[in-house]
Amino acid sequence: MRLIRAHVSNFKLLEDAHFEFSIDPKKPVTVILAENGSGKTSLLYALSWAFSGAAGLPVDSRGLRLISADCQSGVAVTVQVSIEFEQIDTSLGNQRYRLIRTMVETPRDGSDSVEKSSESIKVARLTSAGDESVPPEIINKFFPQRLQHVFFTNGEDVQTFIAGSTEDETQQLVLRAIRQLLGLESLETAISDLESVTRKL
């Protein structure tokens, strides 16, 4: 999967933010550099939320509001993240898709809590003939939940992973995800089978 562009509306610090990601093979990395507190982490969580919903957010943040604390009490605010991405299909070649996840939050009077609507998700394949609606479940194929820590992580978590002990729960999740992504378990099984046959011969 390769991200092409994103539009984030009313997600934390990002009220109306557009992002273009580099898809140039000679420059395949997009660097987002900004002051602390300007929305870098908000972008990371917005992208993760778009693909996975509440399950894409940190465990301790899943019940919290997505909108800014500055939003007026009693006024409904639409939170929306739209992502255009490219996916390689074994039979169709490179395909472009647009994913849009939307939810409405209404701040309650005199508290930090909000009323939340249910999330809605729409996915379309972008073709020369126009947008073709596809079942949202296709996202689970492109973006398996077990690989969440591989697709989206931040610098602080990376440092913790590198410096932490192997007993750390997050490290174990990342290690399992990397092993699954690379197919290491299948390779290890094949090696074991070959060694067994070699010993018998």
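Rules behind the numbers
- Residues numbered from 1 in each chain as written.
- Predicted model: local features only at pLDDT ≥ 70, side-chain atom pairs only at ≥ 80, totals over all residues.
- Heavy atoms only, no water.
- Salt bridge = Lys/Arg side-chain N within 4 Å of Asp/Glu carboxyl O.
- Helix = DSSP H or I, 4+ residues; strand = E, 2+ residues; numbered from the N terminus.
- Expected span 1.5 Å × (residues − 1).
- Buried < 20%, exposed > 50% of the residue type's maximum accessible area, 1.4 Å probe, protein only.
- Phe/Tyr/Trp six-rings, centres within 6.5 Å; stacked < 30°, edge-to-face > 60°.

Caption draft 1: The pattern of salt bridges, seen in detail. Overall, the coordinates contain 10 salt bridges when judged by the stated rule. A salt bridge links Arg2 to Glu86, with the shortest nitrogen-to-oxygen separation between them at 2.4 Å. Placement of the pair is Arg2 in strand S1 (residues 2–11) and Glu86 in strand S3 (residues 77–89), with a sequence separation of 84 residues. Ionic pairing is found between Arg98 and Asp131, a salt bridge with its closest N-O pair at 2.8 Å. On the criterion of sequence distance, the pair formed by Arg98 in strand S4 (residues 93–107) and Asp131 in strand S7 (residues 130–134) is long-range, its members being 33 residues apart. Salt bridges linked by common partners bring Arg2, Arg5, Glu20, Glu84, Glu86, Arg96, Arg98 and Asp131 together as one network.

Caption draft 2: Quick peek at helix H1 (residues 40–52). With 13 residues, H1 should cover 18 Å at 1.5 Å per step; its first-to-last C-alpha distance of 19 Å lies within 8% of that length. The buried fraction of H1 amounts to 10 of the 13 residues, a majority that puts the element mostly inside the structure. Ser42, Leu43, Leu44, Ala46, Leu47, Ser48, Trp49, Ala50, Phe51 and Ser52 are the residues of H1 that are buried. One or two steps after H1, the chain reaches Gly53, where phi turns positive at roughly 70°.

Caption draft 3: Broad picture of the packing of aromatic side chains. For the coordinates displayed, the defined rule picks out six aromatic pairs. Note on Phe11 and Trp49: the rings are 5.9 Å apart at their centroids and 45° apart in plane angle, and the pair reads as tilted. Here Phe11, found in strand S1, pairs with Trp49, found in helix H1; they are 38 residues apart in sequence, far enough to count as distant. For Phe11, a relative accessible area of 1% puts it in the buried group. A centroid spacing of 5.6 Å and a plane angle of 20° characterise the contact between Phe85 and Tyr97, whose relative ring orientation is stacked. You can see Phe85 sitting in strand S3 and its partner Tyr97 sitting in strand S4, a full 12 residues away along the chain.

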